[in-house]
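As a plain string of letters, each chain reads:
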Amino acid sequence: MVARVRCVSGELLTIASLNTRGIPLTGSQLAARYAVIGAGFDAGDADVVCCQEVFTYWHLRLLARRMRSFRQVSYRPAPAGPTGGLVTFSRRPVSGTAYRRFGWPPRAPGVPRASRFQARLKGALVTRLARPGLCVINTHPVANHDGDWSKANRFYPLHRAQLAVLAHVANEAGPHAVVCGDFNVARESPLFGEFTAATELADAFDGACPPTFRAEYLPAGATPRCIDFILTAGGVKVESAALVFAEKEPLGYVSDHIGLRARLSLTPTR
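A brief structural summary. Please read these numbers as outputs of a predicted model, since none were measured by experiment.

The subject of this paragraph is the nonpolar core. I15, I137, L166 and F183 are the most contacted members of the largest nonpolar core, which totals 52 residues. Of all the elements, helix 4 (residues 156-173) adds the most residues to this core, at 8 residues. Once residues within four sequence positions are removed from consideration, I15 is found in contact with V48, C50, V136, V178, C180, I230, L260, R261, A262 and L264. In terms of nonpolar packing, the next biggest core, distinct from the first, is built from 20 residues, I37, L63, M67 and V87 among them.

Here's what the structure looks like:
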């Protein structure tokens, strides 16, 4: 499903992003779903794949064994698995990898203790490609279980603090950068507007992406939203954008999120 096409010139690269785990673990067929995800990306044309919720080294092995053409695998090791559940797979050479934590969450009355603990582990995985010179930022801020991104919501201070750090990371990366991931923030929210204003990043789907969290996994009456993004800095233009894993596979949906894909063009550095 192609959401947006723009003709541009420059060095081309295709990037994809997917929250891979999703779906409650009980009866989720995790190994089978990961096999489908890995095989799908390995057979596809993406040069770089940003994955979220790869929480353990078992998760990582399940994907890596199916994504053999992605020889470069970027993550920050932690005792149980990749830090923050973030892994970036690349078919292009990688010149460097770093992880920037969002830091201690601010005090926010009403936020569950588990969410505050998870927030301490969240951050941005920064992968620099050697050819072309693109900085890929993979991220996954803490979840908002209320589905409310207004300023009065209990998660608002926490999300705002995390996005402020992410904005700093994105601005430091320069004009040849792309930020991908499950933001856990709705496109229509003031939080997302503040973030894009602070970074001047452009939505690869130009605001036309449908909801990326599936309605089937929301509480009754809740509205599905677009909370996953591929955002590009000024030196990166979008040739086309599309959805991946949007439909059911024979075993069902591979995740409660829909994946994103964008064909990018890097403008020459003067």
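Among the surface-exposed residues, R61, R65, R66 and R68 lie close enough to one another that they form a single positively charged patch. Inspection of the secondary structure assignment puts R66 in the loop between helix 2 (57-64) and strand 4 (72-74). For R66, a relative accessible area of 42% corresponds to the partly exposed category.

The N-to-C vectors of helix 4 and helix 5 (residues 190-199) enclose an angle of 20°; their axes lie 9 Å apart at closest approach. The orientation of helix 4 relative to helix 5 falls into the category roughly parallel. Once helix 4 is placed against helix 5, the crossing between them reads as right-handed. Within the contact between the two elements, helix 4 uses Y156, H159, R160, L163, L166, A167, A170 and N171 and helix 5 uses P190, L191, E194, F195, A198 and T199. For the contact of helix 4 with helix 5, the per-class residue count stands at 9 nonpolar, 3 polar and 2 charged.

Among the 7 residues in strand 7 (residues 123-129), 6 count as buried, and that is most of the element. With 7 bridges connecting them, strand 6 (residues 94-101) and strand 7 associate as antiparallel partners. Its bridge partner being in strand 7, T97 is matched across the sheet by T127. With 5 bridges joining them, strand 7 and strand 8 (residues 135-139) adopt antiparallel strand pairing.

Turning our eyes to something else, we now look at the side chain of T212. With respect to the secondary-structure elements, T212 resides in the loop between strand 10 (202-203) and strand 11 (228-232). One polar contact links T212 to D228, side chain to side chain, over a distance of 2.6 Å. Not counting chain neighbours up to four residues away, the residues in contact with T212 comprise R225, C226, I227, D228, D256, H257, I258 and L260.

Within helix 5, the full set of buried residues consists of L191, F192, F195, T196 and T199. For helix 5, the angular spread of the buried residues around the axis is 125°, confining them to a single face. Tucked into the core, helix 5 has its buried residues touching helix 4 and strand 11. Downstream of helix 5 by a residue or two, E200 has a phi angle that is positive, lying close to 60°.

Moving on: the environment of L201. Summarising the element assignment, L201 is placed in the loop between helix 5 and strand 10. Separated by 26 residues in the primary sequence, L201 and P175 place their C-alpha atoms 9.5 Å from one another. Sequence-distant contacts of L201, defined by excluding residues within four places in its chain, comprise A170, V179, F195, T196, L231, T232 and A233.

What follows is about the packing of helix 1 (residues 30-43) against helix 2. At a closest axis distance of 8 Å, the pairing of helix 1 and helix 2 adopts a crossing angle of 40°. In terms of their interaxial angle, helix 1 and helix 2 are classed as oblique. Pair helix 1 / helix 2 crosses with right-handed handedness. Between helix 1 and helix 2, the contacting residues are L30, A31, Y34, I37 and G38 on the first element and W58, H59, L62 and L63 on the second.

By the definition in use, this model includes 7 salt bridges. Among the ionic pairs, E53 bridges to R21, the shortest N-O distance being 3.9 Å. Highlighted residues: E53 in the loop between strand 3 (48-52) and helix 2 and R21 in the loop between strand 2 (11-19) and helix 1, separated in sequence by 32 residues. Between D47 and R263 there is a salt bridge whose closest N-O contact spans 3.8 Å. With D47 in the loop between helix 1 and strand 3 and R263 in strand 13 (residues 259-266), this pair connects stretches of sequence that are 216 residues apart. In this structure D47 comes out as buried when scored by relative accessible area, which is 11%.

Thresholds applied
Residues numbered from 1 in each chain as written. Predicted model: local features only at pLDDT ≥ 70, side-chain atom pairs only at ≥ 80, totals over all residues. Heavy atoms only, no water. Core = buried A, V, L, I, M, F, W, Y, C linked by side-chain atoms within 4.5 Å. Buried < 20%, exposed > 50% of the residue type's maximum accessible area, 1.4 Å probe, protein only. Helix = DSSP H or I, 4+ residues; strand = E, 2+ residues; numbered from the N terminus. Contact = heavy atoms within 4.5 Å. Patch = residues over 30% accessible without salt bridge, like charges linked within 9 Å, V, L, I, M, F, W, Y side chains within 5 Å. Areas by Shrake-Rupley, 256 points an atom, 1.4 Å probe, with all protein chains shown as cover. Salt bridge = Lys/Arg side-chain N within 4 Å of Asp/Glu carboxyl O. Lys, Arg positive; Asp, Glu negative; His and termini not counted. Charge placed at Lys NZ, Arg CZ, Asp CG, Glu CD. Axes fitted to C-alpha atoms, helices over the stretch in contact; angles between N-to-C directions. Parallel < 35°, antiparallel > 145°, perpendicular 65-115°, else oblique. Left-handed = near helix turned anticlockwise from the far one by under 90°. Nonpolar A, V, L, I, M, F, W, Y, C, P; charged D, E, K, R; others polar. Pairing = 2+ DSSP bridges. Polar contact = N/O pair within 3.5 Å; in protein donor to acceptor, adjacent residues only side chain to side chain. Arc of directions from axis to C-beta.

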